[in-house]
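A look at the structure
Single-letter residue listing:
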Amino acid sequence: MTTTDAGSAGRFVGQSVRRKEDPRLLTGRGTYVDDMSLPGMLHACFVRSNVAHGRIVSIDCDAARAVDGVVAVLTGTELNVGRGSMQPTLMFEDAANVAVQPLTEGTVLFVGDPVALVVAESRAVAEDAAELVEVNIDMLEAVVGFDAALLEGAPLVHPDKGANVGQDMPVIMPGWDEIKADAAHVVSATFNQHRQTNVPMETRGIVASFDPASGELHAYLSTQNPHEARLVLSRVTGVPEHLVRVTARDVGGGFGQKMFLFRDEQTIGAAAVYLGRSIKWIEDRRENLIASNHARADRTTVELALDADGKLLGAFVDEVEDAGAWPLGSMGGAAPAVGAYFTGAYKLPFLSWHARAVWTNTCQRGAYRGPWMMETTAREQMVDYAARAIGMDPWEWRRRNVVKDADLPYTTPMFMTYDDSISPDATLEQAAQVIDYDAFRAEQRRAFESEGRLLGVGLSLYIEPCAMGMMDPLSTETANVRVMPSGKVSVALGTGSHGQGLETTMAQVVAEELGIDIDDVIVVQGDTASSPFGRGTGGSGSAIIGANACRLASAAVRDKAFAIAAQLMEAAANDLEVSDGRITVKGTPARGIDFAEVARVAYLETAKLPEGMEASLEATHTYKAPPVTWANACHACTVEVDRYTGLVKILRYVVSEDCGKMINPAIVDGQIAGGVVQGIGGVLFEHMIYDPDGNPLATTFMDYLLPTAAEIPTIEIHHIETPAPNPGGHKGVGEGGAIGAPACVFNAVADALALLDVTITDQPLGPREVLDALMAAGH
Amino acid sequence: MTDQAIAITVNGERRKGRTEARTTLADFLRDELALTGTHVGCEHGVCGACTVLLDGEAVRSCLVLAVQADGADITTIEGIGPEPGRLGPVQQAFMECHGLQCGFCTPGFVVSVTSFLAEQPAPTDDEIREMLSGNICRCTGYQGIVAAVHRATELIEEATA
Ligand code: FES
Ligand code: FES
């Protein structure tokens with residue numbers, strides 16, 4: 001199902017090398033955080049608010065403290081004292097931040113708000129005792145949803161902030177009214193995006209161990225970002241950074257949820273230091289669904305001005321996002337990015353926008369794979385909406401407006417420049433051709449006219465900013481490539497692989513550069529003790545930042561190996577090449593020396609080294625990402641909507657994407673497929689619902705429905721490889737699938753319903769919503 | 001709460017332990033027997049991550065009490081391969097087809113698929129998807145997993161040919 005031009009592939013880079021992680025994971029020998037046990041380890045359970053908004057009158061812990069096996073029951077009185085900022089390092093001095101504390105005192109702000117922590121000899125005892133903690137709360141009116149939050153005189157989620165709007169960024173450019181007055185068409189629509197959540201199969205968890213004698217805190221974590229976790233644990237506990245160690249071995253998914261350390265894990269770290277003990281906390285699924293982070297929950301109004309040919313004259317975007325009660329870091333969301341990146345793959349002469357984020361009495365908003373996907377979702381849904389409104393086919397509309405090769409470099413109205421390494425036009429054509437767009441249109445007409453069936457086709461085209469180089473501390477990764485005396489190689493990286501297979505892909509890059517076998521390379525990552533500071537894994541960054549750090553550190557090692565080999569062989573270093581673990585003189589393969597022999601000399605026969613050369617064979621390189629690296633893709637899918645049951649069936653799903661030079665095509669396809677299926681799940685199944693009082697109604701997998709293999713079609717993935725302007729030519733690929741899919745599925749359903757003149761603007765599109773839409777239009 | 005003594009055979013080995021009546025088989029395997037390959041993804045019987053073989057049948061070990069398994073023969077992911085350090089056909093197929101990413105759901109899938117293929121050696125694509133719908137994977141989008149089940153049927157056939 002994959003077409004790849006592997007013409008430029010190396011021996012390892014560009015090959016679907018089997019993963020080094022797999023043997024241990026396939027035999028049950030992985031080490032996830034709950035697999036970690038320490039001598040004398042205690043277990044923790046949070047006591048959480050079961051109301052959305054209310055004043056705490058009292059917390060009675062006596063009965064819980066009396067339970068056999070309970071070591072401590074802690075509240076804010078004990079744990080909130082003298083804490084440093086719990087905010088992510090990236091945004092920890094932001095004016096929009098709320099004062100998050102380990103355990104809520106005073107007023108609880110959402111169902112799930114932690115108010116006490118029980119620490120006991122076993123998880124079962126901790127849970128039993130938690131039931132005995134009596135929390136007495138005077139209920140207040142809950143603020144749930146955009147309308148409630150924005151209502152004049154609404155109760156305030158954070159009274160000290162004076163408003164429920166925590167972020168208000170108008171980027172209003174002059175001239176919009178004039179553009180609209182002169183336009184042939186002005187179309188506007190509002191799109192509601194429902195609340196979802198990441199749902200990694202491994203919930204969050206931590207084993208925090210504090211040794212009062214040495215003052216060291218060691219946290220085993222399920223995290224995407226060990227160095228960030230260390231920084232924030234250091235701040236919140238007061239343990240200096242060098243005495244905090246964070247270790248993450250295997251991490252069972254995150255999709256953004258484990259990029260910044262949340263409040264609960266920080267609280268366990270604080271409790272471990274407070275009690276001078278080792279404490280394990282493994283989140284249960286209910287907690288993960290209601291109290292980790294939610295995402296999406298956006299409302300976006302788009303106004304487009306078009307000329308008589310359907311060409312874009314300008315756009316205005318009004319974006320509101322729901323940040324929940326205790327968002328970490330700058331409202332936890334990405335509202336301004338929805339405006340800033342709205343241009344996407346189209347020639348857009350004018351853009352003006354207004355972005356707001358509101359606090360509500362719900363679970364915090366946090367990053368979820370493509371946090372600002374609404375720029376694509378709202379734009380691509382609007383494109384179809386507008387094309388229909390002016391009687392033009394959506395593919396034709398995109399062809400007229402897409403940025404073509406001849407337009408590059410192209411600068412958006414928000415002053416961002418696409419260099420010539422993007423290929424939106426090519427992906428649009430490829431996706432439409434593979435899905436057989438014209439033939440499908442004919443079949444759609446036939447099926448509707450002769451059988452009354454509702455078929456639809458959807459497209460979604462986007463450009464994604466990856467590996468943001470302007471966002472410290474997410475901009476750099478440092479690779480330490482260390483050759484051992486036997487010639488084997490160990491690579492230390494600060495990444496936090498959580499399914500991406502970085503132990504394999506980074507080894508591919510190193511083996512390729514050093515000309516040695518991949519079996520001779522081990523990548524050690526996810527541990528602050530073994531690696532220099534790094535950005536972790538997220539934001540579609542590791543292929544760009546991690547791989548280039550590995551490549552450049554390896555190149556330095558190779559240069560040094562050549563210098564040593566040149567000395568040993570009495571040859572010129574720049575005449576040498578290396579492959580299959582052997583360094584040879586170019587054109588004279590018989591003259592050579594093993595890479596392993598060079599390594600041995602570097603450590604064990606240092607007298608033979610060139611005059612003045614430092615013994616050892618290793619190098620460290622810090623790669624700083626360019627301000628932004630653009631990846632692009634086009635998704636296309638076809639669906640059938642059952643007009644009697646409201647069920648949507650996806651018939652075909654095609655992705656044409658350009659992530660630059662691929663390191664491991666199988667892993668690239670896996671990332672895309674995983675993201676697409678999360679996108680499909682989001683449109684058709686997943687919905688984190690609150691009732692008007694702020695009670696979460698999806699607290700198990702019986703109510704929060706995830707897609708299974710039975711509902712998911714084959715994802716047909718095609719690649720266009722335009723190298724990015726960085727040493728390896730790579731772009732990001734982790735998030736794109738989840739960015740492109742929602743609008744693609746939505747547009748296909750909207751296309752099918754348009755046969756009956758039914759218009760939709762909101763997700764999700766489960767059977768009930770589809771039937772409601774049909775009914776509302778009189779069907 | 002009083003403990004009860006139970007004895008089960010796990011991966012061919014006779015194991016004894018004491019457990020509270022309320023302890024699930026999943027927790028018993030993980031906490032008492034230190035077999036941490038069996039994963040707990042939901043604790044309410046939906047995700048399938050905790051699947052083990054109980055007297056040859058695939059069961060969700062989060063829904064079985066340890067005391068109910070007294071006397072039973074259990075196979076976990078640690079015992080599904082032919083011998084330590086070697087992969088069985090289903091494991092091999094998952095590796096070849098990139099049927100896993102984070103690996104958290106994987107033990108449940110491998111055990112479920114092993115039991116399924118023992119009963120249905122030549123399933124159709126629809127039957128495979130239907131069978132897989134009892135397990136949730138959040139990473140792979142199921143593409144590699146479906147391919148792996150097809151590949152496993154070939155590997156099993158080759159091995160028995
Ligand atoms: S943990 Fe048993 S089914 Fe999810
Ligand atoms: S591989 Fe991560 S949940 Fe399946």
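Residues numbered from 1 in each chain as written. Chains lettered and ligands numbered in written order. Predicted model: local features only at pLDDT ≥ 70, side-chain atom pairs only at ≥ 80, totals over all residues. Heavy atoms only, no water.

What follows deals with a negative patch on the surface. On the surface, Glu711 of chain A together with Asp126, Glu127 and Glu130 of chain B cluster together into a patch of negative charge. Turning to its location among the elements, Glu127 of chain B is positioned in helix H4 (residues 125-132). A relative accessible area of 32% places Glu127 of chain B in the partly exposed class. (Patch = residues over 30% accessible without salt bridge, like charges linked within 9 Å, V, L, I, M, F, W, Y side chains within 5 Å. Areas by Shrake-Rupley, 256 points an atom, 1.4 Å probe, with all protein chains shown as cover. Salt bridge = Lys/Arg side-chain N within 4 Å of Asp/Glu carboxyl O. Lys, Arg positive; Asp, Glu negative; His and termini not counted. Charge placed at Lys NZ, Arg CZ, Asp CG, Glu CD. Helix = DSSP H or I, 4+ residues; strand = E, 2+ residues; numbered from the N terminus. Buried < 20%, exposed > 50% of the residue type's maximum accessible area, 1.4 Å probe, protein only.)

This part covers the domain arrangement of chain B. It is common to give the size of an interface as the accessible area lost on bringing the parts into contact. All names here are of chain B. We note that the domain assignment places domain 1 (3-79) and domain 2 (89-160) within chain B. A separation of 22 Å is found between the C-alpha centroids of domain 1 and domain 2. Taken together, the contact pairs 14 residues of domain 1 with 12 residues of domain 2. At the junction of domain 1 and domain 2, the tally comes to zero salt bridges. Contributing elements (two or more residues each) for the side of domain 1 that touches domain 2: strand E3 (51-54) and strand E4 (57-60). In the side of domain 1 that touches domain 2, the residues fall into eight nonpolar, five polar and one charged. (Domains from an automatic or database assignment. Contact = heavy atoms within 4.5 Å. Nonpolar A, V, L, I, M, F, W, Y, C, P; charged D, E, K, R; others polar.)

Once that is clear, we can look at the domain arrangement of chain A. Residues and elements named next belong to chain A. For chain A, the domain assignment lists domain 1 (31-36 + 142-401) and domain 2 (470-624). Relative placement of domain 1 and domain 2: their C-alpha centres are 37 Å apart. When the buried area of domain 1 at its contact with domain 2 is split by residue, Gln224, His227 and Met259 rank highest and sum to 36% of it. For the pair domain 1 and domain 2, the number of links is one salt bridge. Salt-bridge contacts for Arg245 lead to Asp527; the nearest nitrogen and oxygen are separated by 2.7 Å. In this assembly, domain 1 and domain 2 are joined by nine residue pairs in polar contact (both at pLDDT 80 or more). (Buried area = accessible area lost by both parts, 1.4 Å probe. Polar contact = N/O pair within 3.5 Å; in protein donor to acceptor, adjacent residues only side chain to side chain.)

So, on to the pairing of strand E10 (residues 205-211) of chain A. All names here are of chain A. With six of seven residues buried, E10 is to be regarded as a mostly interior element. Examined bridge by bridge, E10 and strand E13 (residues 278-282) share five bridges and lie antiparallel to one another. Paired with Ile206 across the bridge in E13 is Trp281. As defined by bridge partners, E10 adjoins strand E11 (residues 216-221) across six bridges and the pair is classed as antiparallel. Across the sheet, Ile206 pairs through a bridge with Leu221, a residue of E11. Between E10 and E11, which pair antiparallel in sequence order, lie four residues; one of them, Gly215, sits at a positive phi of approximately 75 degrees. (Pairing = 2+ DSSP bridges.)

Residues and elements named next belong to chain A. Along its 13 residues, helix H8 (residues 263-275) runs 18 Å from first to last C-alpha, staying within 8% of the 18 Å computed at 1.5 Å per residue. Of all 13 residues in H8, 11 are buried, a share of seventy percent or more. For H8, the full list of buried residues reads Arg263, Asp264, Glu265, Gln266, Thr267, Ile268, Gly269, Ala270, Ala271, Ala272 and Val273. Of the residues trailing H8, Gly276 is marked for its positive phi of about 65 degrees. (Expected span 1.5 Å × (residues − 1).)

On to the nonpolar core, then. In this structure, Tyr653 and Ile715 of chain A together with Phe94 and Leu132 of chain B are the most contacted members of the largest nonpolar core, which totals 114 residues. It is helix H19 (residues 736-754) of chain A that contributes the most residues to this core, nine residues altogether. Counting residues in hydrophobic clusters, the runner-up holds 62 residues, among them Leu304, Met373, Ile390 and Tyr462 of chain A. (Core = buried A, V, L, I, M, F, W, Y, C linked by side-chain atoms within 4.5 Å.)

A separate point is the environment of Leu42 of chain A. Secondary-structure assignment places Leu42 of chain A in strand E2 (residues 42-48). Considering only alpha carbons, one finds Leu42 of chain A and Glu640 of chain A, 598 residues apart in sequence, at a separation of 53 Å.

Turning to the sheet that holds strand E4 (residues 70-75) of chain A, a few remarks are in order. Residue and element names in this part refer to chain A. Taken in spatial order, the seven strands make up an open sheet running E4-E6-E2-E13-E10-E11-E12, and their pairing is mixed. Strands with a single pairing partner mark the edges of an open sheet, and in this sheet they are E4 and strand E12 (244-247). In this sheet, adjacent strand axes meet at a mean angle of 20 degrees when their direction is disregarded. Where helix H4 (residues 123-132) meets the sheet, its contacts fall on E2, E4, strand E6 (114-120) and E13, and the angle it forms with E2 comes to roughly 25 degrees. Contacts between helix H7 (residues 226-237) and the sheet are confined to E11 and E12, with E12 contributing the most and set at about 140 degrees to the helix. (Axes fitted to C-alpha atoms, helices over the stretch in contact; angles between N-to-C directions.)

Here we take up the packing of helix H18 (residues 665-684) of chain A against H19 of chain A. All names here are of chain A. For the pair H18 and H19, the least separation of the axes is 7 Å and the interaxial angle reads 40 degrees. Taken together, the axes of H18 and H19 are oblique relative to one another. Read as a crossing pair, H18 and H19 show a hand that is right-handed. Every residue of H19 that contacts H18 at Ile672, Gly675, Val676, Gly679, Ile680, Val683 and Leu684 is listed here: Gly737, Ala738, Ala741, Pro742, Val745 and Phe746. Of the residues belonging to the contact of H18 with H19, the class tally is 10 nonpolar, three polar and no charged. (Parallel < 35°, antiparallel > 145°, perpendicular 65-115°, else oblique. Left-handed = near helix turned anticlockwise from the far one by under 90°.)

Another point: the pairing of E4 of chain A. Residue and element names in this part refer to chain A. Within E4, five of the six residues are buried, leaving the element largely enclosed by the surrounding structure. Looking at chain direction, E4 and E6 are connected through five bridges and run antiparallel. Across the sheet, the residue bridging to Val73 is Val118, located in E6.

Taken in spatial order, the three strands of this open sheet run E5-E3-E7 (chain A), and their pairing is antiparallel. Each edge of the sheet is formed by a strand with only one pairing partner; in this case those strands are strand E5 (107-108) and strand E7 (134-139) of chain A.

It is worth spelling out the pattern of salt bridges at this point. If you walk through the whole model with that rule in mind, you get 58 salt bridges over all chains. Residue Arg30 of chain B pairs with Asp35 of chain A through a salt bridge whose shortest N-O separation is 2.8 Å. Of this pair, Arg30 of chain B sits in helix H1 (residues 25-32) while Asp35 of chain A sits in the loop between helix H1 (22-26) and E2, each in a different chain. Taking relative accessible area as the criterion, Arg30 of chain B reaches 6% and is therefore assigned buried. Taking the shortest distance from any N to any O, the salt bridge between Arg48 of chain A and Asp264 of chain A comes out at 2.8 Å. Remark: Asp264 of chain A occurs in helix H8 and Arg48 of chain A occurs in strand E2; sequence separation between them is 216 residues. Of the two residues, Arg48 of chain A and Asp264 of chain A, both sit in the buried class. Several salt bridges share partner residues, and in doing so they unite Arg48, Arg204, Asp264, Glu265, Glu283 and Glu287 of chain A into one network.

Let us now look at the interface of chain B and chain A. Contacts between the two partners involve 39 residues from chain B, matched on the other side by 50 residues from chain A. Both sides together, the interface formed by chain B and chain A hides about 3800 Å², and carbon and sulfur atoms give 60% of it. The tally of links between chain B and chain A comes to four salt bridges. Between Arg30 of chain B and Asp34 of chain A there is a salt bridge whose closest N-O contact spans 3.3 Å. Looking at the side of chain B that touches chain A, the element that brings in the most residues is helix H2 (residues 89-96) of chain B, giving five residues. The class makeup of the residues in the side of chain B that touches chain A is 17 nonpolar, 15 polar and seven charged.

Now for empty space enclosed by the protein. All names here are of chain A. According to the stated counting rule, one finds 11 cavities of 30 Å³ or more in the structure shown. Estimated volume of the largest cavity: approximately 110 Å³. Together, 13 residues line the largest cavity, and Phe110, Arg263, Asp264, Ala291 and Gln364 are the ones closest to its centre. Taken together, the residues that form the lining of the largest cavity break down as seven nonpolar, two polar and four charged. Each pocket or cavity is described by its volume, and for the second largest cavity that value is around 100 Å³. Forming the boundary of the second largest cavity are 16 residues, of which Glu21, Arg24, Asp250, Ser497 and Gly499 lie nearest the centre. Looking at the lining of the second largest cavity, you find at least three residues from each of domain 1 (31-36 + 142-401) and domain 2 (470-624). (1 Å grid on protein atoms, 1.4 Å probe; cavity = no way out; pocket = protein on both sides within 12 Å on 5 of 7 lines; lining within 4 Å. Points joined across faces, edges and corners; volume = space filled by probe spheres on them.)

Applying the stated criterion across every chain, the model contains 12 aromatic pairs over all chains. Ring geometry for Tyr32 of chain A and Phe104 of chain B: centres 5.2 Å apart, planes at 85 degrees, overall edge-to-face. With Tyr32 of chain A in the loop between H1 and E2 and Phe104 of chain B in the loop between H2 and helix H3 (106-119), this residue pair bridges two chains. For Phe104 of chain B, a relative accessible area of 6% corresponds to the buried category. With a centroid separation of 6.2 Å and 85 degrees between ring planes, the pair formed by Phe191 of chain A and Tyr385 of chain A is classed as edge-to-face. (Phe/Tyr/Trp six-rings, centres within 6.5 Å; stacked < 30°, edge-to-face > 60°.)

Time to look at the side chain of His730 of chain A. One can find His730 of chain A in the loop between strand E29 (715-719) and H19. Not counting residues up to four positions away in its chain, the partners in contact with His730 of chain A are Ala543, Ile544, Ala547, Arg551, Thr629, Cys659, Lys661, Ile663 and Ala724 of chain A.

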